[in-house]
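Descriptive structure summary
Residue strings, one per chain:
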Amino acid sequence: MALEQISSKLMGVGLLLKQQRLSVPLYQRPYTWEKPHVKQLFDDITSAKEKNSQQYFVGTVVLTKKDNEIKNIIDGQQRIVTFTILISAIRNYFQEKGDTDRADIITKEYLTKSDVRSVKTNPRVLLLPEDGLFYKEYVIDFHKPGARAPNGLSQTQKRLYTAIKEAHKTVSRIVQKCENPDDELFDLLDFIENKAVLVYLDVGNESNAFVIFEVLNDRGLDLTVADLLKNYIFSLADQDALPQCQTMWTQMSTVISNAFEQNDIKNFVRHAWIAKHGLTREKDLYESIKKEINTSEKSVKYTNELYKTSKIYSAFINPSNEVWSKYSESVRDALYLFDIANITQVRPLLISVFENFSPSEVNKTIPMLVSWSVRFLICGVGGSGTLEDNYSARAKDISDKKIKTARQLYTAFKILPTDDEFQTAFSKANVSKPSLARWYLTKLEAEKSGNNLKPITKDINEANLEHILPQNPDSSWHISEDNVKKYVNRIGNQTLLETKINAEIGNKSFTQKKKYFIQSRIEITKDICNFSKWGIEEINNRQMELSKLAIKLWKRTP
């Protein structure tokens, strides 16, 4: 592709804001910077100014033409937006002290631009529509941030609010340590305008930008797979298809970034691809998609599929999501384990199951996958690589309609621990993660009680995890420090206890603890009272009994 003429120059960030209105295109990701990124930039800028540095290089901003007044920010929006937040905090200082004239000048010079025809005042930087009103209220307009973010904010808006608070702290530190804070802040504004410089690339149109991104990435620029893929997909789309691709990508990004961290877009795209095409390593993902998605029509279909799948994927960490309303309670409950145990390798398989199986087969399959996951966690089978290989292969089989039922999936899966292997591993297992130990014990209690009641909810205020041998026992327990380390987190040494009772039990002796255990309505806890003392032998014996329950509870078959 022949590139149109590209203009480039070195200019200060503040000068760019003065001279040019900017806009974040709909297909771009939202504001993603976390507190460490923001703090690093503010610290670097203030430090460079204090050292009287002649220049501080900010990076590159890539712009394309939106209309006669505005240019789209194709790359560099995170830094640009963060600088406007810092300038807003400087303006707020003067506003707070009653110097409204200077505050108004800063606003008009760097943050807003008035239109002579409409007499309307608009932000110099336009964010995505879903964040535009928030940005205007908390950055463009005067606002003093509180200790806590307002309620009802999206993940993007929470990140923006964190940046706003960090800018306020930066300005406050300057004001507190200087004899003449006004001059210091004027100097900082001058530094941002003239010495905090960036390479300004005006590449004309978006097609040019897409080509440049790919060349830069080949030469080592740190672009994510998701960024590259987005640019590639948009470059394929013809003029009629591009708006739809952009809308679908934006909606997908919003769904994923609101549920997970922003970087999880890359993970989602990979998992969604694996679900249909089999195991694909991250380093191969971009090229794999390029080979398959190579026309405008395919780009539209692909972005639509991504958006559809994102609604299922984002619900994986939210069992109360309405997506699960047509499935059994056991499906919702199963998803909780995948979240607390951070089992991500299974997600491509989950995608395939939910997109291809009937609800009745899903109701059989997901609890079965939970049982497998428990066995893998306890037995340490194969490692994450082996599991990912197998999950990915079976996910593709389901997408290809080679596997249509839970029973067929069970038959095809060849690396499941046997009952003997599982029971042996469970009888000796340590579980140091409290939420996971709590989940295991909740399920074991339900199996032992023989009913469908849930004596323990996921609400930690309802019941706590109790270590029978305390984590910090006194001398009355007569156990060595080494043995405490070995046995304190054994499943056999942990139980569940209602919060009110647990608050009173502390590090009491076993004899004293039994008086509390007998009050519990939880059978696996009451049974501890059958022991006359508590030590290594008793932990092993109790854990062996729990392992027998585990075999019945977490079966291999659907």
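Residues numbered from 1 in each chain as written. Predicted model: local features only at pLDDT ≥ 70, side-chain atom pairs only at ≥ 80, totals over all residues. Heavy atoms only, no water.

A separate point is the overall build of the protein chain. When its secondary structure is counted, the protein chain shows 25 helices and ten strands. Dimensions of the protein chain along its principal axes, counting C-alpha atoms only, are 85 × 60 × 40 Å. Taking all 558 residues of the protein chain together, the buried fraction comes to 51%. At a minimum sequence separation of 6, the contacts of the protein chain that also span at least 24 residues come to 74%. Carbon and sulfur atoms form 47% of the exposed surface of the protein chain, whose accessible area is close to 26,200 Å². Positive and negative side-chain charges of the protein chain, numbering 78 and 70 respectively, have mean locations separated by a distance of 4 Å. (Helix = DSSP H or I, 4+ residues; strand = E, 2+ residues; numbered from the N terminus. Buried < 20%, exposed > 50% of the residue type's maximum accessible area, 1.4 Å probe, protein only. Contact = heavy atoms within 4.5 Å. Areas by Shrake-Rupley, 256 points an atom, 1.4 Å probe, with all protein chains shown as cover. Lys, Arg positive; Asp, Glu negative; His and termini not counted. Charge placed at Lys NZ, Arg CZ, Asp CG, Glu CD.)

This next bit is on helix 12 (residues 282-292). Among the residues making up helix 12, those that are buried are Leu-285, Tyr-286 and Ile-289. Along helix 12, the residues classed as buried sweep out an arc of 90 degrees about the axis, all on the same side. Exposed and facing more than 90 degrees away from the buried side of helix 12 are Lys-283 and Lys-291. (Arc of directions from axis to C-beta.)

Here the focus is the packing of aromatic side chains. Applying the stated rule across the entire model yields 26 aromatic pairs. Here the aromatic rings of Trp-439 and Tyr-440 are separated by 6.0 Å at their centres, their planes lie at 65 degrees, and the arrangement is edge-to-face. Its relative accessible area of 2% is what places Tyr-440 among the buried residues. In this structure an aromatic cluster arises from ring pairing among Phe-260, Phe-268, Tyr-313, Phe-316, Trp-324, Tyr-327 and Phe-354. (Phe/Tyr/Trp six-rings, centres within 6.5 Å; stacked < 30°, edge-to-face > 60°.)

Turning to the nonpolar core, a few remarks are in order. The biggest cluster of nonpolar side chains holds 90 residues, and the ones touching the most others in it are Phe-354, Ile-366 and Trp-554. No other element matches helix 16 (residues 359-379), which puts nine residues into this core. Core analysis: the next-biggest nonpolar cluster, separate from the first, contains 55 residues, Tyr-31, Val-38, Ile-85 and Ala-196 among them. (Core = buried A, V, L, I, M, F, W, Y, C linked by side-chain atoms within 4.5 Å.)

With that settled, consider the sheet that holds strand 3 (residues 56-65). Taken in spatial order, the six strands of this open sheet run 1-8-3-4-2-7, and their pairing is mixed. The open sheet has two free edges, formed respectively by strand 1 (7-12) and strand 7 (125-126), since each of these has just one partner strand. Where strand 3 meets strand 8 (residues 196-202), seven bridges bridge the pair, whose relative direction is parallel. Looking at the pairing, Val-61 lines up with Tyr-200 of strand 8. (Pairing = 2+ DSSP bridges.)

All right, on to unusual backbone geometry then. Backbone geometry at Asn-52 places phi at a positive 55 degrees, although glycine is not the residue there. Note that Asn-52 resides in the loop between helix 2 (35-50) and strand 3. Accessibility expressed as a relative area gives 59% for Asn-52, which makes it exposed. The phi torsion at Asn-342 lies on the positive side, around 55 degrees, for a residue other than glycine. For Asn-342, the location among the structural elements is in the loop between helix 14 (329-340) and helix 15 (347-356).

What follows concerns the confidence of the model for the protein chain. Close reading of the predicted structure is inappropriate where its pLDDT is low. Here the protein chain averages 87 in pLDDT, while 91% of its residues score no lower than 70. Predicted confidence is poor over residues 451-460, with pLDDT under 50, and the contacts of this stretch with residues over four places away or in other chains come to 18 contacts. (pLDDT = per-residue confidence, 0-100.)

For the rest of this paragraph, the subject is helix 5 (residues 129-140). Buried within helix 5 are the following residues: Asp-131, Phe-134, Tyr-135, Tyr-138, Val-139 and Ile-140. Along the axis of helix 5, the buried residues cluster in a sector spanning 165 degrees; they form a single face. Counted as exposed and oriented over 90 degrees from the buried face of helix 5: Pro-129 and Leu-133. Here the buried face of helix 5 lies against helix 3 (77-96), helix 4 (100-111), strand 5 (112-114), strand 6 (121-123), strand 7 and helix 6 (155-177).

This paragraph deals with the pattern of salt bridges. Taken as a whole, this structure holds 28 salt bridges when the rule is applied. Between Lys-448 and Asp-527 there is a salt bridge, and its shortest N-O distance comes to 3.0 Å. Placement of the pair is Lys-448 in helix 20 (residues 434-449) and Asp-527 in the loop between helix 24 (523-526) and helix 25 (536-553), with a sequence separation of 79 residues. The class of Asp-527 is partly exposed, set by a relative accessible area of 29%. For the salt bridge of Glu-545 with Lys-548, the shortest nitrogen-to-oxygen distance reads 3.2 Å. (Salt bridge = Lys/Arg side-chain N within 4 Å of Asp/Glu carboxyl O.)

Position of Leu-349 among the secondary structure elements: in helix 15. Taking the relative accessible area as the measure of exposure, Leu-349 reaches 0% and is therefore buried. Taking the C-alpha atoms as reference, Leu-349 lies 44 Å from Pro-473; in sequence the two are 124 residues apart. Filtering out sequence-adjacent residues up to four positions away, Leu-349 remains in contact with Leu-369, Tyr-391, Arg-394, Ala-395, Ile-398 and Leu-409.

The next thing to look at is the packing of helix 3 against helix 5. At their nearest, the axes of helix 3 and helix 5 sit 9 Å apart, and the two run at 40 degrees to each other. Between helix 3 and helix 5, the crossing angle belongs to the class labelled oblique. Where helix 3 abuts helix 5, its residues Val-81, Thr-84, Ile-85, Ser-88 and Arg-91 lie against Tyr-135, Val-139 and Ile-140. Within the contact of helix 3 with helix 5, the residues separate by chemical class into five nonpolar, two polar and one charged. (Axes fitted to C-alpha atoms, helices over the stretch in contact; angles between N-to-C directions. Parallel < 35°, antiparallel > 145°, perpendicular 65-115°, else oblique. Nonpolar A, V, L, I, M, F, W, Y, C, P; charged D, E, K, R; others polar.)

Moving residue by residue along a regular strand, the side chains alternate between the two faces of the sheet. Buried residues dominate strand 10 (residues 494-498), accounting for five of its five residues. Of the two faces of strand 10, the one holding Gln-494, Leu-496 and Glu-498 and the one holding Thr-495 and Leu-497 are both buried throughout. In this sheet, strand 10 lies alongside strand 9 (residues 463-467) in antiparallel orientation, the contact comprising five bridges. Residue pairing across strands places Ala-463 opposite Glu-498, the latter belonging to strand 10.

Glancing now at the environment of Val-24. Within the secondary structure, Val-24 is located in the loop between strand 2 (21-23) and helix 2. With relative accessibility at 4%, the residue Val-24 sits in the buried group. On a C-alpha basis, the gap between Val-24 and Arg-542 in space is 60 Å, while along the polypeptide they are 518 residues apart. Every residue in contact with Val-24, bar those within four places of it in the chain, is listed here: Arg-29, Gln-77, Leu-126, Leu-127 and Leu-128.

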